[in-house]
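# Structural characterization, general
Okay, here's what each chain looks like letter by letter:
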Amino acid sequence: MRTVHSLKELRAILRGYRQQEKTIGLVPTMGNLHEGHISLVRKAAEAADIVITSIFVNPMQFGANEDLDTYPQTLIGDQEKLDAAGNTLVFAPSAEEVYPDGLARHTRIVVPEVSEGHCGASRPGHFEGVATVVSVLFNMIQPDFAVFGEKDFQQLAVIRKMTQDLMIPVEVIGASTVRDDDGLAKSSRNGYLSDEERKLAPVIYQILQTTAAKIADGRDDLQVLAQEAGDSVRDAGLRLDYFNIANSQTLKPATPEDSDITLLVAAFLGTTRLIDNISVTR
C-alpha cells in the first residue's frame, strides 16, 4: 500500500491504473479510523479494482467552537488498518493542497433542501464544507465509485444530490452502519466518551428501535412520536439536539402517507455529540 500527499504524485499513479483499465473506488475519511471506516473500504473493494482512501481533516466543515483543533490525527495507525484491509493507496493531502488559495477564497458548493434541517440546522455551513471537499476529492481522483456510511444519513443524501445535480460521473454507494455489540454506532468521536458515558450511549439506538417499531406497528402520529422519543432521550440523561422523523428521500418531515421513513437523532453526552438513524419501510 502506498501513501501520497500531493495531487501531482496522485495523478501520476492514477494514470497508470487507468492505462491498465482498472476501476477506482474512493473512501473519503477524516482519519482516526475504526471498523466502520474499514467496512467502507471492504465495500469499495467489492465494486472496484483499486481502492483509494483519502485522509483529510476538512477545516471547512467545522464550525466555531467545534473540535477541529482537537480532532485526532492518527495517520500511522490508520495506515496499518488500511493495509490489513487490502486498501491500495492512501491520499493524505495538506489543507494547502486541497485549498491552495485558502478557505476564504475557495469556491463553495451549497446543496439546497436536503442540507437543511437536522444537522444542517444545528451546524450552519457544515454541509457546505462537506459538499465542497467531496467535490474537490471527486475531481482530484475521478473515481468510478465512492462509498459513504449510512450512519451520516443526511451527509449521504447531500452527496448523492450534489453528484446528481453536477452530473459528476461517480456512483455513490451507501454502506450500512457498523455497530458495537450493544448497538452504539461506530464513530471516531466515541473515543471522547468517559467510561460512564460509554455505558449510557447505547440508549440512543434503543430509543430509535423502540420508535421505529411503533411506526412499523401502525402509529402514524409521527411528529408526536418524535416528541416522545426526544423526551426519552432527555430522560435518559442526554442533551437533545434533535429527534426528527423524515421522508427518507427528501428529509422533510414525514407524513402518514410516506412509505420510506428515516428517524434521525443527535444528542450530546457530556461534551460529545452523537448522531444515529434508523429507516423504516411501511
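What this report covers is the structure whose coordinates are included nearby. (Residues numbered from 1 in each chain as written. Predicted model: local features only at pLDDT ≥ 70, side-chain atom pairs only at ≥ 80, totals over all residues. Heavy atoms only, no water.)

Take the overall build of the chain next. Along the chain, the regular secondary structure elements total ten helices and nine strands. Here the C-alpha radius of gyration of the chain, 19 Å, is about what a compact globule of 282 residues would show, namely 19 Å. With the C-alpha coordinates aligned to their principal axes, the bounding extent of the chain is approximately 55 × 40 × 40 Å. In the chain, buried positions account for 51% of the 282 residues. Across the chain, the fraction of contacts at a sequence separation of at least 24, relative to all contacts at a separation of at least 6, is 71%. Entry remark: accessible area of the chain is about 13,400 Å², with carbon and sulfur atoms responsible for 47%. (Helix = DSSP H or I, 4+ residues; strand = E, 2+ residues; numbered from the N terminus. Rg over C-alpha atoms; globule rule 2.2 N^0.38 Å. Buried < 20%, exposed > 50% of the residue type's maximum accessible area, 1.4 Å probe, protein only. Contact = heavy atoms within 4.5 Å. Areas by Shrake-Rupley, 256 points an atom, 1.4 Å probe, with all protein chains shown as cover.)

Taken as a whole and assessed by the stated rule, the structure comprises 15 salt bridges. A salt bridge links Lys-186 to Asp-180, with the shortest nitrogen-to-oxygen separation between them at 2.7 Å. Look at Asp-180 and you get partly exposed, because its relative accessible area is 22%. Through salt bridges with shared partners, one network takes in Asp-180, Asp-182, Lys-186 and Arg-198. (Salt bridge = Lys/Arg side-chain N within 4 Å of Asp/Glu carboxyl O.)

Where helix 6 (residues 126-141) contacts helix 7 (residues 153-165), the two axes come as close as 10 Å, and the packing angle between them is 50 degrees. Judged on the interaxial angle alone, helix 7 and helix 6 are oblique. Taken as a pair, helix 6 and helix 7 cross one another with a handedness that is right-handed. Counting all contacts with helix 6, which are made through Phe-127, Val-130, Ala-131, Val-134, Ser-135 and Phe-138, the residues of helix 7 involved are Gln-154, Gln-155, Val-158, Ile-159, Met-162 and Thr-163. Here the contact of helix 6 with helix 7 is built from residues that sort into eight nonpolar, four polar and no charged. (Axes fitted to C-alpha atoms, helices over the stretch in contact; angles between N-to-C directions. Parallel < 35°, antiparallel > 145°, perpendicular 65-115°, else oblique. Left-handed = near helix turned anticlockwise from the far one by under 90°. Nonpolar A, V, L, I, M, F, W, Y, C, P; charged D, E, K, R; others polar.)

Phi at Asn-65 is positive, roughly 70 degrees, even though this residue is not glycine. Structurally, Asn-65 can be placed in the loop between strand 3 (50-55) and helix 3 (75-85). Backbone geometry at Gln-142 places phi at a positive 50 degrees, although glycine is not the residue there. Within the secondary structure layout, Gln-142 lies in the loop between helix 6 and strand 5 (145-149). The class for Gln-142 is partly exposed, based on a relative accessible area of 48%.

For the rest of this paragraph, the subject is the pairing of strand 5. Burial within strand 5 is extensive, with five of its five residues counted as buried. Where burial is concerned, the two faces of strand 5 agree: the one with Phe-145, Val-147 and Gly-149 and the one with Ala-146 and Phe-148 are both buried. Note that strand 2 (residues 24-29) and strand 5 share two bridges and pair parallel. Paired with Gly-25 across the bridge in strand 5 is Phe-145. Handedness of the crossover is the feature at issue here: the chain leaves strand 5, passes through helix 7, returns alongside strand 6 (residues 171-175), and the resulting connection is right-handed. (Pairing = 2+ DSSP bridges. Right-handed = clockwise from strand over helix to strand, strands pointing away.)

Over its 13 residues, helix 1 (residues 7-19) runs 18 Å from end to end, which matches the ideal 18 Å to within 8%, given 1.5 Å per residue. Inspection of helix 1 places Leu-10, Ile-13, Leu-14 and Tyr-17 among the buried residues, and these make up the whole buried set. All buried residues of helix 1 fall inside an arc of 105 degrees around its axis, so they share one side. Relative to its buried face, helix 1 has exposed residues pointing more than 90 degrees away, namely Lys-8, Arg-15 and Gln-19. Residues of helix 1 that are buried sit in contact with strand 1 (2-4), strand 2, strand 3, strand 4 (89-91) and helix 6. (Expected span 1.5 Å × (residues − 1). Arc of directions from axis to C-beta.)

Turning to the nonpolar core, a few remarks are in order. Counting residues in each nonpolar core, the largest one holds 45 residues, and the members touching the most others are Ile-52, Phe-91, Phe-138 and Ile-141. At ten residues, helix 6 tops the list of elements feeding residues into this core. Residues within four places of Phe-138 in sequence aside, it is in contact with Leu-26, Pro-143, Ala-146, Phe-148, Ile-159, Met-162, Thr-163, Ile-168 and Val-170. (Core = buried A, V, L, I, M, F, W, Y, C linked by side-chain atoms within 4.5 Å.)

Their axes nearest at 9 Å, the elements helix 1 and helix 6 cross at an angle of 55 degrees. The orientation of helix 1 with respect to helix 6, classified from their angle, is oblique. For the pair helix 1 and helix 6, the contacting residues are Leu-7, Leu-10, Arg-11, Leu-14 and Arg-18 in the first and Asn-139, Met-140 and Ile-141 in the second. Here the residues of the contact of helix 1 with helix 6 sort into five nonpolar, one polar and two charged.

Let's shift gears to the sheet that holds strand 9 (residues 272-281). Sheet strands associate in pairs through backbone hydrogen bonding, adopting either a parallel or an antiparallel arrangement. Pairing is antiparallel across the open sheet formed by three strands, whose spatial order is 7-8-9. Unpaired on one side and paired on the other, strand 7 (239-247) and strand 9 mark the two borders of the sheet. Strand-to-strand twist across the sheet, computed as the mean angle between neighbouring axes with direction ignored, equals 10 degrees. Looking at chain direction, strand 7 and strand 8 (residues 260-269) are connected through eight bridges and run antiparallel. Opposite Ala-246, over in strand 8, you have Thr-262 as the bridge partner.

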